[in-house]
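# Observations on chain architecture
The primary structure of each chain is shown beneath.
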Amino acid sequence: MSELFEAVDALIASRSPLPPPAERKRLRQAHGLTLDEVAAALQVRRATVSGWEAGKTEPRPPERDAYARMLKQLAQLYPANAPVPPEDTAIPEAPAVAAAPAPSAVEPAQARTAPTGPAAEPANTALRPAAPAAVPRPATTNRPTSRGPAAKKAAPAGTPAGSADPRFENGPLAVVDVDTDGQVLAYCIGGLVLDVPAKSLPALVEWTLREGRLGQPKLSGPGKDADPLIVLTGAACEHYGLPVTLTKDERLAGRLPEGHKVIKQLTRSHWQLTKRGLGPWARIYRPAQGAERSCVQLCIPSWDALDTRHWADAGQLPPADLARLLGTYAARVMTPRGSTAVTGLELMTALHPPTRASEPDADGRRHSEHNPSSLGKDPVDCAPCEAPDGHPVLADLPRFHHRTPAEVLVEEAYDWARPLTDAECLRPHLVGIDVNMAFAAGANGLTVGLGAPTHVKNPVFDAKLPGSWLVDLSHVDLSRVKVAKDKWAELDGELLPSPFTPKGERPTGPAWYATPTVAYAVELGYDVRPIEAYVRHDNGRYLDAWYNRLRYAYLGTMADLGVHADMPPADFLAAMDGYRQRDPELAIVVSAIKATVKGGIGKLRERPRGEGWKPGQPWRALSRPTWRPDIRAAVISRTRINMHRKIVKHAAFTGQYPVAVLSDCAVYASDGPSPLDFLPYRDGKPLPGGFKLGINPGLVKHEGTQSVLWGEGVREQFNAPELNLARYIKDGTVTDQDTGE
């Protein structure tokens, strides 16, 4: 009889119900999974999963049962009415934010709405990224301070005032202000304004958690919901007993002193602060009770919470406008968790949480287990060559020892320039082109290590294995390189930067490189023989979901500013001209998104900042699993290689060479002032593998144009024949500041 039961079980498993092929693809995309990740989990080939999603083939046992189980769990997380970006279009679409229902009379907080301006004229959205909708702009007021009156109207039905999740129907955040009558108001996204009865900061925290209905749903299945963010204006700070600005000592400490009366109020109310205390970005919490979290984030712009390098004058905006700006960023990226760098790093963790719930055990209980696609919950030691100076792993080195390229991995962005040739001096213009979201493009599809490194001697190089390699690349001759299969190009190597060093200098012996750099030497047609390596066998495309979310955020916001991904080159250049003036607040969101990319990558190798640190001692950031200098090095390596590959393709096709390269910007001598005057386009199509104009990450835009006379004059003025003109090409103003733009 047992054999009959087993036969029946096998028969049922062979027909495990599966959703239609299109729904299978939708569910995978909704969870941010790649075909490779699903294939690895089911132990099949990528093409097999692709065939299941296309309806060309159907899975068989035992894979069918596992595949059906996965899809069933995803269907519970992502109901069929949730839109998902298609992968088979030229420009994938991102899920849009659903409009919240109109506030009702039974809401615990009284709802108002700020007056809204006229609706923008709809634009053609064919094949354009449909990122979460930008929050409608409230009507501007001419009040001189943030204490202006609030409108008394109810929010109209259909206003996108927050999340579709009823727990967070008022959105992810609120800007709290005090009007001229002394009434405390919370400005939410979508023009919604709530009356706030709280008389103290502890009461404001309680109101936020119990009545505010603020927060943001988790970005990943095993993740956590985002805590609500409360932004306090200067008037609100005064109302709740906080200083409007910090003193010099408080700014240096980054927080209020522990004895401040407001901190005492929080302590008496059994609220706690994280280690960074009550500063520009603060977290006020009570220890979690089971799965219930009680935490509110504070942002205080008048304490310099919003860095003007990334947020411009956002801190000076009226409350309703600031709520719109931060709400748009939160909907498209995530609720800010601190600086743009901190948010960029937190976004990685939110998309790949360190743990997940296990399958039920024999008693039907689930337990926390490691999430295979994450960096885990415990930090891992880096390789000695990956460690920055002062790291504990280098504690035995002499105090003033200067490490050579054979001792330290140096993967940084380009900062290279050369003198102009005689032929270039006869051209009238210097034109700069800038790669959009260059570091995001470098992260896209990049395989990085997830676990600790393994040290190997005399390894065979494997381009698919992330790690750091000690190898001599001094034999790579840029005057003769492979540009395609069995196709070599003769170039003027003296006019090209080396792809292997940030300063563009040719290596002189063995040095440490990340995998993308060594792989590029092989791509150029040269053999490599590593001496030793630190490789990571536990690896994956950890940054893919991070890249996709930031890409959608960037493309969607640029589309709102009139710059779309399907524009012809000339139309694209025209649309980029003055795009910031079309909506200055959305332009600030663009800057913040770009800063989130760069800052998040930089935060992977955060250095000690004060903290009483001494060389050889650990610093606070080392305790994070996201302190991963090897991942940062791999992203920067790939970004620099991407730039060099385009430079080589362009040189091989046109005979033109850059005169300066700075990070993601390259400058060329040109007969005309536009990028179209030197970029090769035929019938509207660019050179394959070369520079292409467009707004997508990895494509280029016009950075600026100056005259050759200006360039030579500046170099002569500063007696610097190799001054990097890419640093100043944007507006021609020569300063010591480098913004990286």
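Residues numbered from 1 in each chain as written. Predicted model: local features only at pLDDT ≥ 70, side-chain atom pairs only at ≥ 80, totals over all residues. Heavy atoms only, no water.

Glancing now at the overall build of the protein chain. Across its full length, the protein chain holds 21 helices and 25 strands. Put simply, the protein chain has 741 residues, and 52% of those count as buried. (Helix = DSSP H or I, 4+ residues; strand = E, 2+ residues; numbered from the N terminus. Buried < 20%, exposed > 50% of the residue type's maximum accessible area, 1.4 Å probe, protein only.)

Here we take up the nonpolar core. Counting 111 residues, the largest nonpolar core has Trp311, Trp546, Met558 and Ile593 as its most contacted members. At nine residues, helix α20 (residues 629–654) tops the list of elements feeding residues into this core. Every residue in contact with tryptophan 311, bar those within four places of it in the chain, is listed here: Leu306, Leu325, Leu326, Tyr329, Thr340, Ile588 and Ala592. Ranked by size, the runner-up nonpolar core spans 35 residues in total, among them Ala235, Leu266, Leu278 and Val296. (Core = buried A, V, L, I, M, F, W, Y, C linked by side-chain atoms within 4.5 Å. Contact = heavy atoms within 4.5 Å.)

This brings us to the sheet that holds strand β15 (residues 467–472). Strand order in the open sheet formed by four strands is β14-β19-β15-β18, with antiparallel pairing between adjacent strands. Either end of the sheet is taken by a strand with one partner, and the two such strands are β14 (454–457) and β18 (510–514). Neighbour-to-neighbour, the strand axes of this sheet turn through a mean angle of 20°, independent of strand direction. Note that β15 and β18 share five bridges and pair antiparallel. Bridge pairing in β18 links valine 471 to alanine 511. In the packing of helix α15 (residues 515–523) onto the sheet, the strands contacted are β15 and β18, and the crossing angle to β18 comes to about 110°. (Pairing = 2+ DSSP bridges. Axes fitted to C-alpha atoms, helices over the stretch in contact; angles between N-to-C directions.)

Interaxial distance between helix α2 (residues 21–30) and helix α5 (residues 63–77) falls to 10 Å at its minimum, and their mutual angle equals 65°. Classified by chirality, the crossing of α5 by α2 is left-handed. For the pair formed by α2 and α5, the contact residues are Arg24, Leu27 and Arg28 on the first element and Tyr67, Leu71, Leu74 and Ala75 on the second. The residue inventory of the contact of α2 with α5, partitioned by class, reads five nonpolar, no polar and two charged. (Left-handed = near helix turned anticlockwise from the far one by under 90°. Nonpolar A, V, L, I, M, F, W, Y, C, P; charged D, E, K, R; others polar.)

Let us now look at the side chain of glutamine 656. Residue position: glutamine 656 is located in the loop between α20 and β21 (660–662). At 2.8 Å, the side chain of glutamine 656 and the side chain of histidine 650 are in polar contact. Contact partners of glutamine 656, with chain neighbours within four places excluded, come to Arg427, His650, Ala651, Tyr668 and Phe678. (Polar contact = N/O pair within 3.5 Å; in protein donor to acceptor, adjacent residues only side chain to side chain.)

Every second residue of strand β4 (residues 192–195) is oriented toward a common face, with Leu192 and Leu194 on one face and Val193 and Asp195 on the other, all of them buried. Where strand β3 (residues 184–187) folds back on β4, the antiparallel hairpin that results is connected by four residues, among which glycine 190 adopts a positive phi of roughly 80°.

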